[in-house]
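# Survey of secondary and tertiary structure
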Amino acid sequence: MRPARRSAWVAAAATLAALTWQVATVHFNYRGNWTALFCIGEKSPMPAELESGSWIFPASNGYDGQYYRIVAHDPWMQTGLPQFVDGRPRYQRILLPAAAWLLAFGQPGWIDRSYILLVLLSVFAGTWFTAMWAAIQNRAVWWGIGFLFLPGVLITLNRMTVDITEYAFMAAVLYFWRRGFWLGCWIAGASAFLTRDLGLILIAALVGMCLLQRSWRRAAMFATAALPAVLWILYVNHALVSHSITQSESIALIPTWVFNSPLIGPFLAMIHPQNYPLGVWMKTATQLLDDISIAGVTLSACVAAAEVRRRPFTLESFLCVLYAALFVMASSRGFWADPYSYPRAFSPLVGLIAWRSVTGSRAWPSIPWLCLLSRVGWQLGPQAISIIRAVVE
């Protein structure tokens, strides 16, 4: 059987596993209400038409997915829905919400379903490209299943963020680069940046590799991959200002959680742990897992910095170095205090570092990935326990 077909079977298995989890948690934890996956909080104002019939988490601020859901219902900012979004970055990360709107033909009753479907399609695509990337490196295609267990993928499946689609495009670029399919790299890079601002790292890595290889024209070509997202960001800024939703004329190309106080954020989060409203041992265990998770990212950043000396220097190495630089700049304490925030940003890095355990003979590169996975798993634990109890009873 050809690698492409074997990879498709691996991708289908990963997608089925993701769907099974979603069906189980929605059925047993949320009484069959699929809007619960968007994590809509009672404290976050929602448009009446989207609040009606939705699963609302009481006394909660909700999470990012609730805002991407709003964007998906009005991606072109033609109604009053943008006023319920918590900031421009939600609209700047347009690809997944806009694709959901297009897939649903703009029909409000279909948009939530199409969004969830596209998240599952991202699982399939990301796993397929990861499996093919592994096959090129003479590894079994079943290693592609690792895509499903990236911390950010598990978070997206439960919170409907856009990160999983960014990861899928990153996996596509890694595969296309090794195959020498430059147009595919350009399309996937541009799409990653349109999906989330961190996709710019992928474009920077492509340009940087071409400059190292003295492929000047190719570097210029990849640099233009940032233009679609830049043009869209300019349009979002103009549209929101014209609707009097924001008074700021500045253009946000870089996340707000960087450049404040480099290198301080993660250590402040470890020194001043979150005061969780939990019992004594649960609170202590959660705070300990927070520290372990942050330490895992710190370790992966240190390992990534050493990639500068790696020969031959690869696109994967370049990505690791850029993520190490991002770690230095990611200084906001709030970013590091959220157990779902930094794992989403650094999932590609811990995944690339963990890949060394597959290509080499040492297991330690998997430690950062396991550290983040343990914290995400702990957060999802109550859902899993409820499912197990319901099945057993």
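Scroll up to find the structure this text is about.
Here is a short report on the structure shown in this document.

Calculation notes
Residues numbered from 1 in each chain as written. Predicted model: local features only at pLDDT ≥ 70, side-chain atom pairs only at ≥ 80, totals over all residues. Heavy atoms only, no water. Helix = DSSP H or I, 4+ residues; strand = E, 2+ residues; numbered from the N terminus. Buried < 20%, exposed > 50% of the residue type's maximum accessible area, 1.4 Å probe, protein only. Contact = heavy atoms within 4.5 Å. 1 Å grid on protein atoms, 1.4 Å probe; cavity = no way out; pocket = protein on both sides within 12 Å on 5 of 7 lines; lining within 4 Å. Points joined across faces, edges and corners; volume = space filled by probe spheres on them. Nonpolar A, V, L, I, M, F, W, Y, C, P; charged D, E, K, R; others polar. Phe/Tyr/Trp six-rings, centres within 6.5 Å; stacked < 30°, edge-to-face > 60°. Axes fitted to C-alpha atoms, helices over the stretch in contact; angles between N-to-C directions. Parallel < 35°, antiparallel > 145°, perpendicular 65-115°, else oblique. Left-handed = near helix turned anticlockwise from the far one by under 90°. Salt bridge = Lys/Arg side-chain N within 4 Å of Asp/Glu carboxyl O.

### Notes on the environment of methionine 132
One can find methionine 132 in helix α6 (residues 108-136). The buried category is assigned to methionine 132, whose relative accessible area is 9%. Once you skip the residues sitting within four places of it in the chain, methionine 132 turns out to touch Pro3, Ala4, Ser7 and Tyr175.

### Things to note about empty space enclosed by the protein
Scanning all chains against the criterion turns up two cavities of 30 Å³ or more. In this structure, the largest cavity spans a volume of roughly 70 Å³. Taken together, Ala269, His272, Pro273, Gln274, Gln287, Asp290, Asp291, Ile294, Trp336, Ala337 and Tyr342 form the lining of the largest cavity. Elements that contribute at least two residues to the lining of the largest cavity include exactly α14 (280-305) and α16 (333-337). For the lining of the largest cavity, the class distribution of residues is six nonpolar, three polar and two charged.

### Focus: the packing of aromatic side chains
Under the definition given, this model contains 25 aromatic pairs. Taking the centre distance of 5.2 Å and the plane angle of 40° together, the rings of tryptophan 232 and tyrosine 235 count as tilted. Remark: tyrosine 235 and tryptophan 232 occur in helix α12 (residues 227-242); sequence separation between them is three residues, near one turn of the helix. Looking at tyrosine 235, the relative accessible area reads 35%, which means it is partly exposed. Residues phenylalanine 327 and tryptophan 336 carry aromatic rings whose centres are separated by 5.7 Å and whose planes lie at 80° to one another, so their mutual orientation is edge-to-face. Owing to a relative accessible area of 5%, phenylalanine 327 belongs among the buried residues under this scheme. Chaining the aromatic ring pairs together yields one cluster made of Tyr323, Phe327, Phe335, Trp336, Tyr342 and Phe346.

### Things to note about unusual backbone geometry
The residue arginine 31 is not glycine, and still its phi comes out positive at about 55°. Here arginine 31 is to be found in the loop between α1 (3-29) and β1 (40-41). Exposure remark for arginine 31: the relative accessible area of 75% places this residue in the exposed category. The backbone phi angle of alanine 59 is positive, close to 55°, even though this residue is not glycine.

### Topic: the packing of α6 against helix α8 (residues 163-179)
The contact between α6 and α8 brings their axes to 8 Å, and the two run at 25°. Regarding the angle of α6 to α8, the classification is roughly parallel. The chirality of how α6 crosses α8 is left-handed. Within the contact between the two elements, α6 uses Val119, Ser122, Val123, Gly126, Trp128, Phe129, Thr130, Met132, Trp133 and Ile136 and α8 uses Ile164, Thr165, Ala168, Ala171, Ala172, Leu174, Tyr175, Phe176, Arg178 and Arg179. Broken down by class, the residue content of the contact of α6 with α8 amounts to 14 nonpolar, four polar and two charged.

### Thoughts on the layout of surface pockets
Unoccupied space between atoms shows up once a probe the size of one water molecule is rolled over them. There is about 1,100 Å³ of room inside the largest pocket. Taken together, 29 residues make up the lining of the largest pocket; nearest its centre are Ser60, Arg159, Tyr276, Pro339 and Gln379. Within the residue set of the lining of the largest pocket, elements represented by two or more residues are α14 and α19 (367-392). The element contributing the most residues to the lining of the largest pocket is α19, with eight residues. Of the residues belonging to the lining of the largest pocket, the class tally is 15 nonpolar, eleven polar and three charged. One number sums up the size of the second largest pocket: a volume of about 460 Å³. Lining the second largest pocket are 21 residues, with Thr130, Gly146, Phe147, Leu150 and Gly351 sitting closest to its centre. Among the elements that take part in the lining of the second largest pocket, helix α17 (residues 341-354) stands out by supplying five residues, more than any other. Among the residues making up the lining of the second largest pocket, the classes are represented as 15 nonpolar, six polar and no charged.

### Some thoughts on the pattern of salt bridges
In this structure the tally under the stated criterion is ten salt bridges. The partner of aspartate 64 in a salt bridge is arginine 344, and the shortest N-O contact between them spans 3.1 Å. With aspartate 64 in the loop between β2 (56-57) and α3 (65-73) and arginine 344 in helix α17, this residue pair connects regions lying 280 residues apart in the sequence. Each member of the pair, aspartate 64 as well as arginine 344, is classed as buried. A cluster of three or more residues bridged by salt bridges with shared partners is formed by Asp64, Asp86, Arg90, Arg93, Asp163, Arg196, Asp197 and Arg344.

By themselves these figures say nothing about function.
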